[in-house]
Amino acid sequence: MKKIFGLLLIVLFASCGAGDKTAFVDIDKVFNEFELTKQKKAEYENTLNKRKEITDKEKLRLQQIAGKLEAQKSPDKKEVEKFQIDREMLRQKMQADEEQNRAMDDQYTSEIWKQLNQYMQDFQKDNGYTYVFIRSNIIGDESKDVTKDAQEFVNKKFKGDK
């Protein structure tokens, strides 16, 4: 499959007319250095840490209660039931947090790609490229690699500088 894709890229580059201005961008590098990516990643990590702090406190509380119940010869049934309910609620909360984390990650990733795609179209137009080949780990003439230029462009655009 990689060989077929590589051949396809060679054909695409070869089919570009002599007057066509072409370049390629390692989109993974641009994505990872995009200021919006860094911003959303920080927001995501902050939310995860807050959720983890809450669940860690509840786990500690339940561990303490479990220790007290185990130390008793015949613990009160109501206390045991309450403990079991609280433990199940914590399990459900942790499961819900996982689902929310995945949804937030998907949403942030979608937002980043939407913005990055628009900026890459602007980059292509503003720099007069007929074609900008976007792929990760692309191999080509280093003089056609405009990854660094694209990184600078999208970050300036994001900050409102361009």
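What you see is a predicted model; the values in this text were computed from it and never measured. (Residues numbered from 1 in each chain as written. Predicted model: local features only at pLDDT ≥ 70, side-chain atom pairs only at ≥ 80, totals over all residues. Heavy atoms only, no water.)

> How would you summarise the side chain of Thr 37 if you had to cite specific residues and measurements?
Along the chain, Thr 37 falls in helix H3 (residues 35–71). Among the residues examined, Thr 37 registers a relative accessible area of 10% and is labelled buried. Within the local environment of Thr 37, its side chain forms a polar contact with the backbone oxygen of Phe 31, the two atoms lying 2.7 Å apart. Sequence-distant contacts of Thr 37, that is, excluding residues within four places in its chain, are made with Phe 31 and Ile 112. (Helix = DSSP H or I, 4+ residues; strand = E, 2+ residues; numbered from the N terminus. Buried < 20%, exposed > 50% of the residue type's maximum accessible area, 1.4 Å probe, protein only. Polar contact = N/O pair within 3.5 Å; in protein donor to acceptor, adjacent residues only side chain to side chain. Contact = heavy atoms within 4.5 Å.)

> Give me the lowdown on the nonpolar core, citing residues and values where you can.
Counting 18 residues, the largest nonpolar core has Val 25, Val 30, Phe 34, Leu 116, Met 120, Phe 123 and Val 154 as the members making the most contacts within it. When residues of this core are traced back to their parent elements, those giving at least two are strand E1 (22–26), helix H2 (27–33), helix H4 (77–126) and helix H5 (147–159). Core analysis: the next-biggest nonpolar cluster, separate from the first, contains five residues, Leu 62, Ala 66, Leu 69 and Leu 90 among them. (Core = buried A, V, L, I, M, F, W, Y, C linked by side-chain atoms within 4.5 Å.)

> Hey, could you go over the confidence of the model for the protein chain for me, with residue numbers and the actual values?
Looking at the protein chain, pLDDT values average 88 and 85% of them are 70 or higher. The model gives residues 1–16 a pLDDT under 50, and that stretch makes ten contacts with residues more than four places away or in other chains. (pLDDT = per-residue confidence, 0-100.)

> Describe in detail the packing of H3 against H4, supporting the description with residues and values.
Where H3 contacts H4, the two axes come as close as 11 Å, and the packing angle between them is 175°. The orientation of H3 relative to H4 falls into the category roughly antiparallel. Broken down by class, the residue content of the contact of H3 with H4 amounts to 15 nonpolar, six polar and 13 charged. (Axes fitted to C-alpha atoms, helices over the stretch in contact; angles between N-to-C directions. Parallel < 35°, antiparallel > 145°, perpendicular 65-115°, else oblique. Nonpolar A, V, L, I, M, F, W, Y, C, P; charged D, E, K, R; others polar.)

> Give a detailed account of the pattern of salt bridges, specifying residues and quantitative values.
Between side chains of opposite charge, pairing is possible as soon as their charged atoms come close. Under the definition given, this model contains 13 salt bridges. Here Glu 58 and Arg 61 are joined by a salt bridge, their closest N and O atoms 2.7 Å apart. Of this pair, Glu 58 and Arg 61 both sit in helix H3, separated by three residues, roughly a single helical turn. Looking at Glu 58, the relative accessible area reads 23%, which means it is partly exposed. The shortest N-O distance in the salt bridge between Arg 102 and Glu 98 comes to 3.6 Å. With Arg 102 and Glu 98 both in helix H4, this residue pair falls four residues apart, about one helical turn. Taking the relative accessible area as the measure of exposure, Glu 98 reaches 43% and is therefore partly exposed. Here the residues in one salt-bridge network are Glu 58, Arg 61, Lys 82 and Asp 86, joined through shared partners. (Salt bridge = Lys/Arg side-chain N within 4 Å of Asp/Glu carboxyl O.)

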